[in-house]
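Each chain is listed here by its residues.
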Amino acid sequence: MTQNWGPRPPVTADGPEWRPALDVPPPGPQRRWTVLLRWLLLIPQYIVLTLLGIAAFFVTVAGWFAALFLGRLPDPIASFLGKYLAYETRIAASSMLLVDRYPPFALTAPDYPVRIELRPTSLNRLAVLFRLFLMIPAAIIANLAATGWFAIGWIFWIIGIVRGRLPGPVFGATAAVARYRMRFGAYASMLSPVYPKGLLGDAPAAGEKAASATRPLVLDTAAKVLVWVFLVLGLVAQVGSRSGGDYHENGLPNTPQVVHLVGRS
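Residues numbered from 1 in each chain as written. Predicted model: local features only at pLDDT ≥ 70, side-chain atom pairs only at ≥ 80, totals over all residues. Heavy atoms only, no water.

**Digging into the overall build of the protein chain**
Reasoning step 1: Along the protein chain, the regular secondary structure elements total nine helices and two strands.
Reasoning step 2: Listing each helix as α and each strand as β along the protein chain from the N terminus yields β-α-α-α-α-β-α-α-α-α-α.
Reasoning step 3: Here the protein chain holds 265 residues, and 48% of them are scored as buried.
Reasoning step 4: Across the protein chain, every contact between residues at least 6 apart in sequence was considered, and the portion connecting residues at least 24 apart equals 78%.
Reasoning step 5: Surface summary for the protein chain: the accessible area is close to 12200 Å², and the carbon and sulfur share equals 69%. (Helix = DSSP H or I, 4+ residues; strand = E, 2+ residues; numbered from the N terminus. Buried < 20%, exposed > 50% of the residue type's maximum accessible area, 1.4 Å probe, protein only. Contact = heavy atoms within 4.5 Å. Areas by Shrake-Rupley, 256 points an atom, 1.4 Å probe, with all protein chains shown as cover.)

Right under this line is the structure:
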């Protein structure tokens, strides 16, 4: 993750449309016993993440006011929120069976195989002012995709136990959901001015050298179908929970950080 927030780098050829990047290694063998106990082993991580999320909420509020006046996040605020987002993404990648290695209890983990890249840029003050409303459509999409994944995640969990790895389409669709949630978090936290995109992967570019399995993230047809299945299942789960009068824990809004409206497992 980019953590050197000052001096601020110049705008690149991508300009303000550069989107936060997620790097995950290609799908490989995973130890079956860690897959079996994955969600149990991650309970301490979620406790720490919840406590950090409380702090991130107040830091985000302070950053919102600062961004209205400065047109950017102050470097200390951007650094903390970026590290928090990286930590959250590492835990999400582990819980979604994208990697086998246990995430460290640290905001900075340069040796961990899951990394994000953020590039600090200026912010539009008007977009900051209305950020809470602007991010609602992306929050709904991210929530539906995540809810749909967790609705059938137990199937992927069984596959991981039996095969010791995730099939390619499952890995791709899962990585797409994890990356979209990360990009939504970056946008909601004002770490990026670019609206979340790329839920169905990236268009292959001629001559582009892959930096990781998710940069670029090119999904085959089966993976794209899975992403649509996640969205449909998420919608069914949300409608079903509300029609029954039970507001599911993954409903909107649900998180200690106001900028993260995505439900967590």
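**A few points about the packing of aromatic side chains**
Any two aromatic rings considered together are summarised by their centre-to-centre distance and by the angle between their planes.
Reasoning step 1: Throughout the structure, instances matching the rule amount to eight aromatic pairs.
Reasoning step 2: Seen from their ring centres, Phe57 and Phe58 are 5.0 Å apart, and the 75° between their planes marks the pair as edge-to-face.
Reasoning step 3: By relative accessible area, Phe57 is classed as partly exposed at 25%.
Reasoning step 4: Its relative accessible area of 56% is what places Phe58 among the exposed residues.
Reasoning step 5: Residues Tyr102 and Phe105 carry aromatic rings whose centres are separated by 6.2 Å and whose planes lie at 55° to one another, so their mutual orientation is tilted.
Reasoning step 6: By way of ring pairs, the aromatic residues Trp149, Phe150, Phe156 and Phe230 are connected into one cluster.
Reasoning step 7: One Lys or Arg, Arg131, reaches over the ring of Tyr187 and ends 4.1 Å from the middle of that ring. (Phe/Tyr/Trp six-rings, centres within 6.5 Å; stacked < 30°, edge-to-face > 60°. Lys NZ or Arg CZ within 6 Å of the ring centre and 35° of its normal.)

**Things to note about the pattern of salt bridges**
One side chain can pair with another of opposite charge once the charged atoms of both are near each other.
Reasoning step 1: For the structure shown, the criterion picks out seven salt bridges.
Reasoning step 2: Put simply, Arg31 and Asp100 hold a salt bridge, and the shortest N to O gap is 2.7 Å. Of this pair, Arg31 sits in the loop between β1 (21–23) and α1 (32–36) while Asp100 sits in the loop between α4 (75–95) and β2 (115–117), placing them 69 residues apart in sequence.
Reasoning step 3: Residue Arg31 is classed as partly exposed on the basis of its relative accessible area, which comes to 42%.
Reasoning step 4: A relative accessible area of 16% means that Asp100 is categorised as buried.
Reasoning step 5: Across the salt bridge formed by Arg215 and Glu117, the nearest N and O atoms sit 2.7 Å from each other. Of this pair, Arg215 sits in the loop between α8 (168–188) and α9 (221–243) while Glu117 is found in strand β2, placing the two residues 98 residues apart along the sequence.
Reasoning step 6: Overall, the relative accessible area of 24% leaves Arg215 in the partly exposed class.
Reasoning step 7: Linked by salt bridges that have partners in common, Asp23, Glu117, Arg119 and Arg215 make up one network. (Salt bridge = Lys/Arg side-chain N within 4 Å of Asp/Glu carboxyl O.)

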